[in-house]
Amino acid sequence: MKLSDILAGDRVTVSCELFPPKTGAALEKVEDVLRDTAALGPDFISVTYGAGGSTSKRTLELASRLQDVYHVPALAHLTCVSSTREEVAAQAARLQAAGLENILALRGDVPQDASFPSPAQFRYASELVSYLRGLPGGGDLCIGGACYPEGHVECPHFSADLDNLKRKVDAGLDFLTTQMFFDNDVLYRFLFRALSRGIDVPIVAGIMPVTNVKQIRRSCELSGSVMPPRLQGIADRFGDDPAAMRQAGIAYATEQILDLIAHGVTHIHIYTMNKPDVAARIMDNLSAVIRPHG
């Protein structure tokens, strides 16, 4: 099923994300993660794509298994920054051959290489979106992209970032998913500004439960996301107590999602970090809100 159909209308949707492990013991547990995440009944599950396509084969395998075995719509990530056009075309063809019609088109992290970009590489995600649309069968794909409520870390001006986002949407995106944010007012301002620029595709709000303070602070450094004082206080108080931090992080994410839904943001994406138990607690806390009866 295409996500553009799932995201149409005002029905509350909740999706999750998982990432393919590269090596080691995590590989043995990946089936448990798939099964337990699918058991939550999310509207779809996204599967990430490692730097430079390092997990592209596993992205395809896990996304296919989600759909074929667990009957959950899958969103396969596809990054382009370290790939040639031929490599992207080949991966897109493999995804389509496997029955995967939903792609999250991302630039990815720019390599520290003086030769980047070569004429065969992509510089921006908007170029990837246009290229995918022009491939055989590209018009039948459902293509999503990323957006940044606090502005892209590499773009010094928020207005220019919105111009870039509009260019990417006009290239053929069906929906957007936000980078993690921890202050809902940041998202509300972003949605207003985006709409004023004519960006009117569905926007899925990305929520990251803070259960590991060291990990989340590193992510914030890389992404430019800001922890508001309230969350910073929680992290300072409970960060050295894993059980307490997990409980506090789940409570914070639950309140954040509740506020979003109350204010009309109906599409929620939980960055689970391969921890379906965390997503399960959040969804259980909001069960009647997410899946109202009658």
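That block above? That's the structure.
Residues numbered from 1 in each chain as written. Predicted model: local features only at pLDDT ≥ 70, side-chain atom pairs only at ≥ 80, totals over all residues. Heavy atoms only, no water.

A. Examining helix H5 (residues 125-134) more closely. Every buried residue of H5 is accounted for by Ala125, Ser126, Leu128, Val129 and Leu132. Down the axis, H5 shows its buried residues gathered within 160 degrees of arc, on one side only. Buried-residue contacts for H5 involve strand S3 (74-79), helix H4 (85-97), strand S4 (102-106), strand S5 (142-147) and helix H6 (158-170). (Buried < 20%, exposed > 50% of the residue type's maximum accessible area, 1.4 Å probe, protein only. Helix = DSSP H or I, 4+ residues; strand = E, 2+ residues; numbered from the N terminus. Arc of directions from axis to C-beta. Contact = heavy atoms within 4.5 Å.)

B. Geometry of the pairing of strand S6 (residues 175-178). A two-sided burial pattern is seen for S6, the buried positions comprising Phe175 and Thr177 on one face and Leu176 and Thr178 on the other. Bridge count between S5 and S6: 4 bridges; the pairing is parallel. What sits directly across from Gly145, in S6, is Leu176. Looking at chain direction, S6 and strand S7 (residues 203-207) are connected through 2 bridges and run parallel. Considered in S7, the bridge of Thr177 is made with Val204. For the crossover that starts at S6, traverses helix H7 (residues 184-196) and ends in the parallel S7, the hand is right-handed. (Pairing = 2+ DSSP bridges. Right-handed = clockwise from strand over helix to strand, strands pointing away.)

C. Structural view of the sheet that holds strand S8 (residues 267-271). Read around the barrel, 8 strands follow the order S1-S2-S3-S4-S5-S6-S7-S8 and close on themselves; strand pairing throughout is parallel. Between one strand axis and the next, the sheet turns through 30 degrees on average, direction left out of account. Contacts from helix H10 (residues 242-262) reach S7 and S8, with the element oriented near 160 degrees to S7. (Axes fitted to C-alpha atoms, helices over the stretch in contact; angles between N-to-C directions.)

D. Here's a closer look at unusual backbone geometry. Despite not being glycine, Met273 shows a phi value in the positive range, around 55 degrees. Its location among the elements puts Met273 in the loop between S8 and helix H11 (276-285).

E. Focus on the pattern of salt bridges. Within this structure, the stated rule accounts for 12 salt bridges. In this structure, Arg217 engages Asp236 in a salt bridge whose closest nitrogen and oxygen atoms are separated by 2.9 Å. With Arg217 in helix H8 (residues 213-223) and Asp236 in helix H9 (residues 229-238), this pair connects stretches of sequence that are 19 residues apart. On the basis of relative accessibility, which here comes to 32%, the residue Arg217 falls in the partly exposed class. Close ionic contact of Asp277 with Arg246 constitutes a salt bridge, the shortest N to O distance being 2.8 Å. On the criterion of sequence distance, the pair formed by Asp277 in helix H11 and Arg246 in helix H10 is long-range, its members being 31 residues apart. By sharing partners, the salt bridges in this structure join Arg11, Asp43 and Arg291 into a single network. (Salt bridge = Lys/Arg side-chain N within 4 Å of Asp/Glu carboxyl O.)

F. Highlighting the packing of H7 against H10. Two elements in contact, H7 and H10, have axes separated by 10 Å at closest approach and are oriented at 30 degrees. By the criterion of interaxial angle, the relationship of H7 to H10 is roughly parallel. Crossing angle aside, the handedness with which H7 passes H10 is right-handed. Where H7 abuts H10, its residues Asn184, Leu187 and Tyr188 lie against Gln256, Asp259 and Leu260. The residue makeup of the contact of H7 with H10, split by class, is 3 nonpolar, 2 polar and 1 charged. (Parallel < 35°, antiparallel > 145°, perpendicular 65-115°, else oblique. Left-handed = near helix turned anticlockwise from the far one by under 90°. Nonpolar A, V, L, I, M, F, W, Y, C, P; charged D, E, K, R; others polar.)

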